[in-house]
Amino acid sequence: ALDGLQRALRLDAVPLRIECFDISNIGGTHTVASMVVFEGGAPKKSDYRRFTIRSVEGSDDFASMEEVLSRRLAQFEAQHERSPHDPERDESFAALPSLVVIDGGKGQLSAGLRALQGFRERGVAIVSLAKRIEEVFMPGAPAPLVLDHETPELQLLQRVRDEAHRFAITHHRTRRDK
């Protein structure tokens, strides 16, 4: 699946660490985001993170995505220089992903590209995956990539995206119930 994903997305290397982000809200309230991590094609639950959206009022998925991805990049910049022996170091944020997957379409990808310029300069690939017909949007590509539903690479992307969605909804329900 990882080799196929490398070929399909035309990546320079196999995407060993994949991070996926999703936004969840109901009626524009209690907006939250999730970050899930897959390493070597398997979930790494110890690196999952939840975010509460702070600066966006109402239901604005693009602005919410931009906020959470900006915070992710800021955490990387704060953490990656710290010593592994520093008790303040957070390995989840110190690691540089190979691939960032954003749940959504072209608009979410645009918001992500603005927020993650620092990652892009470090060689991180960024794509978005739209739910309807599982289109993969890539920066600079005029049309989305549509992978065969039977391919392991699309199934991996779907698993990562679905896990981010599940994790975000769980966090949202917990906040709403409180």
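Read on for an overview of the structure. (Residues numbered from 1 in each chain as written. Predicted model: local features only at pLDDT ≥ 70, side-chain atom pairs only at ≥ 80, totals over all residues. Heavy atoms only, no water.)

Tallying secondary structure elements over the protein chain gives six helices and eight strands in all. Walking the protein chain from its N terminus toward its C terminus, one meets helices and strands in the order α-β-β-β-β-α-α-β-α-α-β-β-β-α. Compactness check: the protein chain gives a C-alpha radius of gyration of 16 Å against a globular reference of 16 Å for 178 residues, within 12% of the reference. Taken along its principal axes, the extent of the C-alpha atoms in the protein chain is 45 × 40 × 25 Å. Per-residue burial over the protein chain gives 51% buried out of 178 residues. Intrachain contacts of the protein chain at a sequence separation of at least 6 include 58% that bridge at least 24 residues. Roughly 8700 Å² of accessible area belongs to the protein chain as shown, and the carbon and sulfur atoms make up 48% of that amount. Treating the 25 positive side-chain charges of the protein chain as one cloud and the 27 negative ones as another, the clouds have centres 3 Å apart. (Helix = DSSP H or I, 4+ residues; strand = E, 2+ residues; numbered from the N terminus. Rg over C-alpha atoms; globule rule 2.2 N^0.38 Å. Buried < 20%, exposed > 50% of the residue type's maximum accessible area, 1.4 Å probe, protein only. Contact = heavy atoms within 4.5 Å. Areas by Shrake-Rupley, 256 points an atom, 1.4 Å probe, with all protein chains shown as cover. Lys, Arg positive; Asp, Glu negative; His and termini not counted. Charge placed at Lys NZ, Arg CZ, Asp CG, Glu CD.)

Of all five residues making up strand S5 (residues 99-103), five are buried, and the element is well covered by its neighbours. The side-chain alternation of S5 yields two buried faces, one formed by Leu-99, Val-101 and Asp-103 and the other by Val-100 and Ile-102.

Below, the discussion takes up helix H4 (residues 106-115). Every buried residue of H4 is listed here: Gln-108, Leu-109, Ala-111, Gly-112, Leu-113 and Ala-115. In this structure, the buried side of H4 is in contact with helix H2 (61-79), S5, helix H5 (117-121), strand S6 (125-130) and strand S7 (135-137).

Next up on the list: the nonpolar core. Phe-21, Val-68, Leu-69 and Val-100 are the most contacted members of the largest nonpolar core, which totals 25 residues. Looking at this core, the element that brings in the most residues is H2, giving five residues. Sequence-distant contacts of Phe-21, that is, excluding residues within four places in its chain, are made with Ser-34, Met-35, Phe-51, Met-65, Val-68, Leu-69, Arg-72, Val-100, Val-101, Ile-102 and Asp-103. Ranked by size, the runner-up nonpolar core spans 24 residues in total, among them Ala-8, Ile-18, Tyr-48 and Phe-167. (Core = buried A, V, L, I, M, F, W, Y, C linked by side-chain atoms within 4.5 Å.)

With that settled, the discussion passes to unusual backbone geometry. The phi angle of most residues is negative, glycine excepted, and most peptide bonds adopt the trans form. The backbone phi angle of Arg-10 is positive, close to 55°, even though this residue is not glycine. You can see Arg-10 is positioned in the loop between helix H1 (2-9) and strand S1 (17-26). The residue Glu-134 is not glycine, and still its phi comes out positive at about 55°. Within the fold, Glu-134 resides in the loop between S6 and S7.

With that settled, the discussion passes to the side chain of Ser-64. With respect to the helices and strands, the residue Ser-64 is situated in helix H2. Residue classification places Ser-64 among the buried positions, given a relative accessible area of 1%. Within the structure, the side chain of Ser-64 is placed 2.9 Å from the backbone oxygen of Asp-60, a separation counted as a polar contact. Apart from the residues within four sequence positions on either side, Ser-64 is in contact with Ile-23, Thr-31, Ile-53 and Val-56. (Polar contact = N/O pair within 3.5 Å; in protein donor to acceptor, adjacent residues only side chain to side chain.)

In terms of burial, S6 is a largely internal element, six of the six residues being buried. Of the two faces of S6, the one holding Ala-125, Val-127 and Leu-129 and the one holding Ile-126, Ser-128 and Ala-130 are both buried throughout. As defined by bridge partners, S5 adjoins S6 across five bridges and the pair is classed as parallel. Bridge pairing in S6 places Asp-103 opposite Leu-129. Two strands pair when backbone bridges link them, and S6 and S7 are joined in this way by three bridges, in the antiparallel orientation. Bridging across to S7, Ala-130 finds its partner in Glu-135. Here S6 folds back onto S7, and the loop between the two strands holds four residues, one of which, Glu-134, carries a positive phi near 55°. (Pairing = 2+ DSSP bridges.)

Position of Arg-17 among the secondary structure elements: in strand S1. Once residues lying within four places of it in the same chain are set aside, the contact partners of Arg-17 are Val-37, Phe-38, Glu-39, Asp-47, Ser-92, Ala-95, Leu-96, Pro-97, Ser-98 and Leu-99.

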